[in-house]
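# Structural overview for review
One-letter residues, chain by chain:
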Amino acid sequence: MADENFYPFTLIESKWQKAWADSAAFKAQHSKDKPKYYLLEMFPYPSGKIHMGHVRNYTIGDVAARYKLMQGFNVLHPMGFDAFGQPAENAAIKNKTHPAAWTHKCIDWMKTELKRMGFSYDWDREVSTCAADYYKWNQWIFLKMFEKGLAYKKASPVNWCPSCETTLANEEVVNGGCWRCHTAVEQKELEQWFLKITDYRERLLEDLNKLMQWPQRVVAMQANWIGRSQGVEIYFRLKGSEKIIPVFTTRVDTIFGATYIVLAPEHPLVKEMIKGTSQGKAVLKFIDKVAKESKVVRSSADVKKEGVFTGAYAINPVNNEEIPIWTADYVLMEYGTGAIMAVPTHDQRDFLFAKEHKLPMRIVIQKSLSFPDATQISEAYEGDGIQVNSGQFDGLPNQEAKIKIAEWMEKSGIGKIETHWRLRDWLISRQRYWGTPIPIIYCKKCGTVPVAYEDLPVELPQDVVFTGEGGSPLGKADKFVNTNCPKCKGPARRETDTMATFFDSSWYFLRFCSPKFDKAPFDKEETKYWMPVDQYIGGIEHAILHLLYSRFFTKFLTDFGILNFSAEDGSASGGNEPFVKLLTQGMVLKDGEVMSKSKGNVVDPDGIIKKYGADTLRLYILFAGPPQTEMEWSDKAIEGSFRFLNRVWRLVEKVTSHQSPVTSPGEEEKRQIHSAIKRVTDDIERFNFNTAISAIMELVNYAYQAGPTKNVAEAAVLLLSPFAPHACEEMWELLGHSGGISRSGWPKYDPQVLRQKEALVIIQVNGRVRSKINVAPGTSEAKVKEMALADGSVKKWIEGKPVKNFIIVPDKLINIVV
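Let me begin by describing the structure that accompanies this report. (Residues numbered from 1 in each chain as written. Predicted model: local features only at pLDDT ≥ 70, side-chain atom pairs only at ≥ 80, totals over all residues. Heavy atoms only, no water.)

Here we come to the overall build of the chain. Across its full length, the chain holds 27 helices and 32 strands. When the backbone C-alpha atoms are referred to their principal axes, the chain occupies close to 105 × 80 × 50 Å. Put simply, the chain has 818 residues, and 53% of those count as buried. The long-range share in the chain, meaning contacts at least 24 apart out of those at least 6 apart in sequence, stands at 72%. As displayed, the chain offers around 37300 Å² of accessible surface, 51% of which is attributable to carbon and sulfur atoms. (Helix = DSSP H or I, 4+ residues; strand = E, 2+ residues; numbered from the N terminus. Buried < 20%, exposed > 50% of the residue type's maximum accessible area, 1.4 Å probe, protein only. Contact = heavy atoms within 4.5 Å. Areas by Shrake-Rupley, 256 points an atom, 1.4 Å probe, with all protein chains shown as cover.)

Let's shift gears to the packing of helix 1 (residues 9-22) against helix 24 (residues 725-734). In contact at an axis separation of 9 Å, helix 1 and helix 24 are set at 85° when each is read in the N-to-C sense. With respect to helix 24, the axis of helix 1 lies roughly perpendicular. Here helix 1 contributes I12, E13, K15, W16, Q17 and W20 to the contact with helix 24, which in turn contributes P725, H726, A727, E729, E730 and E733. Of the residues that constitute the contact of helix 1 with helix 24, the class distribution is 5 nonpolar, 2 polar and 5 charged. (Axes fitted to C-alpha atoms, helices over the stretch in contact; angles between N-to-C directions. Parallel < 35°, antiparallel > 145°, perpendicular 65-115°, else oblique. Nonpolar A, V, L, I, M, F, W, Y, C, P; charged D, E, K, R; others polar.)

What follows deals with the sheet that holds strand 24 (residues 533-539). The 4 strands are arranged 2-1-24-25 in an open sheet whose pairing can be described as parallel. Each edge of the open sheet carries a strand with a single partner, namely strand 2 (74-76) and strand 25 (579-585). The sheet shows a mean angle of 20° between the axes of neighbouring strands, taken without regard to direction. Strand direction decides the pairing type here: strand 24 and strand 25, joined by 6 bridges, are parallel. Looking across to strand 25, one finds that Q535 is bridged to K581. (Pairing = 2+ DSSP bridges.)

Let's shift gears to the packing of helix 18 (residues 605-612) against helix 19 (residues 614-623). Where helix 18 contacts helix 19, the two axes come as close as 7 Å, and the packing angle between them is 115°. Contact with helix 18, carried on its side by P605, I608, I609 and Y612, involves A614, T616 and L617 of helix 19 and no other residues of that element. Split by residue class, the contact of helix 18 with helix 19 holds 6 nonpolar, 1 polar and no charged.

Remark: a regular strand shows side chains that alternate across the two faces of the sheet. Burial runs high along strand 12 (residues 321-328): 6 of the 8 residues are buried. In this structure, strand 10 (residues 260-263) lies alongside strand 12, joined through 3 bridges in parallel fashion. Note on strand 12: the bridge partner recorded for L263 is T327. Sheet analysis places strand 11 (residues 307-316) next to strand 12, joined by 7 bridges and oriented antiparallel. When the bridges of strand 12 are listed, I315 appears paired with E322.

Here the distance between the centres and the angle between the planes together describe a pair of aromatic rings. Applying the stated criterion across every chain, the model contains 46 aromatic pairs. Seen from their ring centres, W426 and F503 are 6.4 Å apart, and the 35° between their planes marks the pair as tilted. Remark: F503 occurs in helix 14 (residues 501-504) and W426 occurs in strand 17 (residues 426-427); sequence separation between them is 77 residues. Members of the aromatic cluster, each reached through a chain of ring pairs, are Y200, W426, F502, F503, Y549, F552 and F553. It is K239 that lies over the ring of Y313; its NZ or CZ is 5.6 Å from the centre. (Phe/Tyr/Trp six-rings, centres within 6.5 Å; stacked < 30°, edge-to-face > 60°. Lys NZ or Arg CZ within 6 Å of the ring centre and 35° of its normal.)

Now for the sheet that holds strand 27 (residues 593-594). Pairing in this open sheet of 3 strands is mixed, and the strands run 27-26-28 from one edge to the other. In this open sheet, the two edge strands, each paired with only one partner strand, are strand 27 and strand 28 (631-632). The pairing of strand 26 (residues 588-590) with strand 28 spans 2 bridges and is parallel. In the strand pairing of strand 28, V588 is matched with M631.

For T527, the position within the fold is in helix 16 (residues 524-530). Not counting residues up to four positions away in its chain, the partners in contact with T527 are L510, C513, F522, L563 and F565.

Across soluble globular proteins, nonpolar side chains have a tendency to be buried as a group. Among the nonpolar cores identified, the biggest contains 172 residues, and Y38, M52, F142, W633, L720 and F723 are the most heavily contacted of them. Membership of the second largest hydrophobic core comes to 39 residues, among which are F256, L263, F286 and I323. (Core = buried A, V, L, I, M, F, W, Y, C linked by side-chain atoms within 4.5 Å.)

What follows deals with helix 11 (residues 348-357). Taken as a whole, helix 11 has its buried residues at D350, F351, F353 and A354. Residues of helix 11 that are buried in the fold lie against strand 10, strand 11, strand 12 and strand 13 (339-342). A side-chain oxygen of the first residue of helix 11 lies 3.1 Å from the backbone nitrogen of R349; this N-cap is D347. At the C-terminal side of helix 11, K358 shows a positive phi close to 55°. (Polar contact = N/O pair within 3.5 Å; in protein donor to acceptor, adjacent residues only side chain to side chain.)

On to the environment of N711. Structurally, N711 is set in helix 23 (residues 710-720). Separated by 54 residues in the primary sequence, N711 and S657 have C-alpha atoms spaced 15 Å apart.

Further remarks concern helix 4 (residues 99-116). Between its terminal C-alpha atoms helix 4 stretches 26 Å, which fits the 26 Å expected from 18 residues at 1.5 Å a residue. Residues of helix 4 that are buried make contact with helix 2 (52-70), helix 3 (86-95) and helix 18. Downstream of helix 4 by a residue or two, G118 has a phi angle that is positive, lying close to 75°. (Expected span 1.5 Å × (residues − 1).)

Here the focus is the pattern of salt bridges. If you walk through the whole model with that rule in mind, you get 35 salt bridges. Linking E321 and R362 is a salt bridge whose minimum nitrogen-to-oxygen distance equals 2.9 Å. Of the two residues, E321 is situated in strand 12 and R362 in the loop between helix 11 and strand 14 (365-366); the sequence distance between them amounts to 41 residues. The partly exposed category is assigned to E321, whose relative accessible area is 24%. Accessibility expressed as a relative area gives 23% for R362, which makes it partly exposed. (Salt bridge = Lys/Arg side-chain N within 4 Å of Asp/Glu carboxyl O.)

Let's shift gears to the environment of A500. Inspection of the secondary structure puts A500 in the loop between strand 23 (498-499) and helix 14. Exposure remark for A500: the relative accessible area of 3% places this residue in the buried category. Remark: the alpha-carbon pair of A500 and G85, spanning 415 residues in sequence, is separated by 7.7 Å. What A500 contacts, discounting residues up to four positions off in sequence, is I428 and R430.

This part takes up the pairing of strand 8 (residues 228-238). With 7 bridges connecting them, strand 8 and strand 16 (residues 415-421) associate as antiparallel partners. Paired with V232 across the bridge in strand 16 is I417. As paired strands, strand 8 and strand 9 (residues 244-249) are joined by 6 bridges and run antiparallel to one another. Paired with E233 across the two strands is F248, which belongs to strand 9. Here strand 8 hands over to strand 9 after 5 residues, with G240 in that stretch at a positive phi of 80°. In the sheet, strand 8 pairs with strand 11 via 2 bridges, with the strands oriented antiparallel. Note on strand 11: the bridge partner recorded for R237 is I315.

With that out of the way, let us pick up unusual backbone geometry. For the peptide bond that leads from L456 to P457, omega is 5°, which places it in the cis range. As for its placement among the helices and strands, P457 is situated in the loop between strand 20 (447-450) and helix 13 (478-481). Across the junction of M531 and P532, the peptide omega takes the value 0°, indicating a cis bond. Turning to its location among the elements, P532 is positioned in the loop between helix 16 and strand 24. Backbone geometry at A24 places phi at a positive 50°, although glycine is not the residue there. In this fold, A24 is placed in the loop between helix 1 and strand 1 (36-41). The phi dihedral of K489 falls on the positive side, at around 65°, and the residue is not glycine. The exposure class assigned to K489 is exposed, which follows from its relative accessible area of 59%.

So this is what it looks like as structure tokens:
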């Protein structure tokens, strides 16, 4: 694209990136003279090269940061790298290198690319989670949780590859096999570390009400994940035994329609029930089969559910009916009690399972008197209605019956009204190398012993060999594993599990407030000043886990006494929330699909920057649509953004080369400028960047139509600067200004200028002027038509004649054709 007709973006962009770096233009410092504004985008995993998803996310944030800076805010806009994790370990194995070397190489690549985009980061605050001076504080926080009883170890099933001898995340189980070697994955019990997030479940749920500036979709997803349910725990009894099988349900109104119950294959009662029975062999075979399935597959709504009859029966306590006990893959031990009651007529999943296995059905809620019987229905009825086949509760509306049945069961001792939660404690153990070592030592004499604080960090050993087989290399690093007990000084062994990377990202936003602080995870005074994050930006895929864990950490650290900041409204910090506003940006698509190497539809940001410049890429990716929605990549549209930047550049050239007249602004010019300022300001506040850019384009069009002036050129460049900062810095300098455009102040509009006077509108009848009327701003066309027809002079000229056409040119002309 190199041509004298195009502005020299390569030279301009490198010039201003150097100028910003040399002057520390975006360095954030504690200040009492300005209001603070903390803007943060979710930090990236250093995969090596930025992609268009990164470009969109970080450009959205950069526009907001630059806008707030120009408004006079003390802006904190940091960047770092979520650098631990399995992908780096896999890349190290593939490329025969060390994860640390691979990760640091990737970070260097990404930093170079991020700087080329002109993002206004304070790079002095950069953090990398794989650095010992960061993960030391991971270990410190873990030990504080351990002291408070929030970190504990217990046996838990994991996805296990017997060939690689390692655990797999659910996402690494592909079609039931290991993603790396395709060996069938098994379920295996391992002792693992958990964080007791369930101690905070009520606060995590209740405080969602404070997140008024989060997308309601995200709030709803978190509420569902925490999952508070009011219901009844029903005491089914194992036939021929006094053993109780507790089953929790939120639909106690359907209890009389329960025709079988289902236990998770892992339920301890299953193997006990089948001892010495003819069903034993089939059940054990089924249990072994399910043990090889991932929980993701088992709980998927799209996968056919399988199960076997155990040969045992349970007694339904409300009617003493014997019902069969099955075990099925779709019931998981960790949810509820590991057992469910099945009501096929009023639950679609139970209906499909019962149809498949020819199990009995009974309707207990009818929508109407003409409701079909159980043999005729084609799907479960899950709505409201009247109780039938429900003993003394027949005839009651089911919502009323829910309350009365629950009270009756509790009073009769056959059930208990309870609150159940979907949220489970957070498993943080990973049998990996590239993560934060868990600071625990095992001593035969003293048991489980925490590492002393003064011995932190427990650093990852560098001299390890990566093969991808035989489990974590940490377990084979004798110098790392073998140590001395902090209590008795005798021989001991270190924990070889590392922490899940979600631990690292659950508090990084606090570390950014004081990244060099070495006495605690963060400086309490700095977090008091900077927190909460005023605007957080990231993908919807983090709506639950990352955001939930960050909220949990914030509440724990507040309770522990090292975090104390006020909410946006200045209220006390008792229910601290880390992020005031949340924006979840949409994905970048090409040919209707998410960009990926496997689909061959990736557009490389580097290539676009070389061809058009970073400012063009920034402008295009924001003009393509609202940030919250998906955007479709268009090669033609990016050329349009490039042409627009060149148009602005030529406008400034005309002004500075005295090709435009130097005059004081007229009324229309003032109105155009102030209207653009208002529209762009309002749209940036709402993150409607595409319409903000449209308003700037209209101002530039006006300048070309009316004749370019310095007033219009300066306004256009100021308004455009958050979107295309390099070009605008250069144009601002060409217009005779110094000190940098980001320090020039955001323009303000004058409401008085925007108050339009009544327009004098000419009325024609058949093309001849017959009258004039005054029309107030904002008057509807229907009202204007009514006013015109009511005018005395007009009435005289059209009297008795039908109106064939009515043409309105707003604020100027009406032509009535009769």
